[in-house]
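Summary of the model geometry
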Amino acid sequence: TGAGAGAGVAAAPLTSSQQLTDARAVVASVRQFHAAWNGYMDAFVRWKAADGAALAAKMEIPYLQLEAQRRQYAKQLAEAKAAVDAARGPDADDDKDVVDPSDPNVSILMAGSQLMAGVSSQLAVMQRQLTNLLGVQGAKAWVERAVARLDAGEVELQPVVPIKPRMGGAARRKAALDKQRERASGGAGAGAGA
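All figures in this text were calculated on a predicted structure; none of them were measured in a lab.

Reading the values: rules and limits
Residues numbered from 1 in each chain as written. Predicted model: local features only at pLDDT ≥ 70, side-chain atom pairs only at ≥ 80, totals over all residues. Heavy atoms only, no water. Helix = DSSP H or I, 4+ residues; strand = E, 2+ residues; numbered from the N terminus. Buried < 20%, exposed > 50% of the residue type's maximum accessible area, 1.4 Å probe, protein only. Areas by Shrake-Rupley, 256 points an atom, 1.4 Å probe, with all protein chains shown as cover. Expected span 1.5 Å × (residues − 1). Bend = angle between axes of the 7 residues up to and from the residue. Polar contact = N/O pair within 3.5 Å; in protein donor to acceptor, adjacent residues only side chain to side chain. Contact = heavy atoms within 4.5 Å. Salt bridge = Lys/Arg side-chain N within 4 Å of Asp/Glu carboxyl O.

Counting its regular elements, the protein contains three helices and zero strands. For the protein, the sequential pattern of α-helices and β-strands runs α-α-α. Buried positions account for 18% of the 194 residues belonging to the protein. As displayed, the protein offers around 13,900 Å² of accessible surface, 59% of which is attributable to carbon and sulfur atoms.

Written as structure tokens, this is what we have:
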């Protein structure tokens, strides 16, 4: 009973009826496997779709909060750009004319563009996650439905935070001077009326 016992014995060739029987058995086994596999895959797809929809539903409020914030930033940036452009005048040359750094609209433009990029990046990440959960068409439809709900006022969100201008040194000095001038002019006017 050594390990090599029977190693030198050749297997007898199969007859054609044995080969046919073996082939039918293999085909039957493969069909059974495919039927079981297809059933498993169908169940998996149903589970994944339900799970994806449940996860996507939990993303709606955070997604819409970011979209509302993006819209707020876009509106403020457009208003600030229009104010800066108006202050510079119609003949301003973008390469030569310098804007007043104490202008709060300049601060809004600088901070707002960074905030807008961050919010847009977060929305893009969420859209990729939605695509992974729902597929390309499902994610597109989800976003359209969610934004339509936002536009219709059907979703209660936290108030969006406007961009607040940061007062740098020049802006603080200008504000202090403006306050002094206001007091001086107010004081003189009050004394003249007494």
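Owing to its 3.6 residues per turn, the α-helix brings residues three or four apart onto one side. Along its 48 residues, helix 2 (residues 104-151) runs just 30 Å from first to last C-alpha, ending more than 12% under the 70 Å computed at 1.5 Å per residue. The sharpest bend along helix 2 comes to roughly 120°, located at Leu134. The opening residue of helix 2, the one whose side-chain oxygen lies 2.9 Å from the backbone nitrogen of Asn105, is Asp103.

This part is about the side chain of Glu60. Residue position: Glu60 is located in helix 1 (residues 16-88). On the accessibility criterion, Glu60 (17% relative accessible area) is buried. Polar contacts involving the side chain of Glu60 include one to the side chain of Arg149, which spans 3.0 Å. If near-sequence neighbours (up to four positions away) are discounted, Glu60 is found in contact with Trp142, Ala146 and Arg149.

This part is about the environment of Ala87. Along the chain, Ala87 turns up in helix 1. Counting along the chain gives twelve residues from Ala87 to Val99, while the straight-line C-alpha distance between them is 8.3 Å.

Turning our attention to the pattern of salt bridges. Per the counting criterion, the structure on display carries six salt bridges. Here Arg149 makes a salt bridge to Glu60, at a shortest N to O gap of 3.0 Å. Remark: Glu60 occurs in helix 1 and Arg149 occurs in helix 2; sequence separation between them is 89 residues. For Arg149, a relative accessible area of 30% corresponds to the partly exposed category. In this structure, Arg149 engages Glu154 in a salt bridge whose closest nitrogen and oxygen atoms are separated by 3.9 Å. Counted as one network, the salt bridges with shared partners bring together Glu67, Arg70, Arg71 and Asp151.

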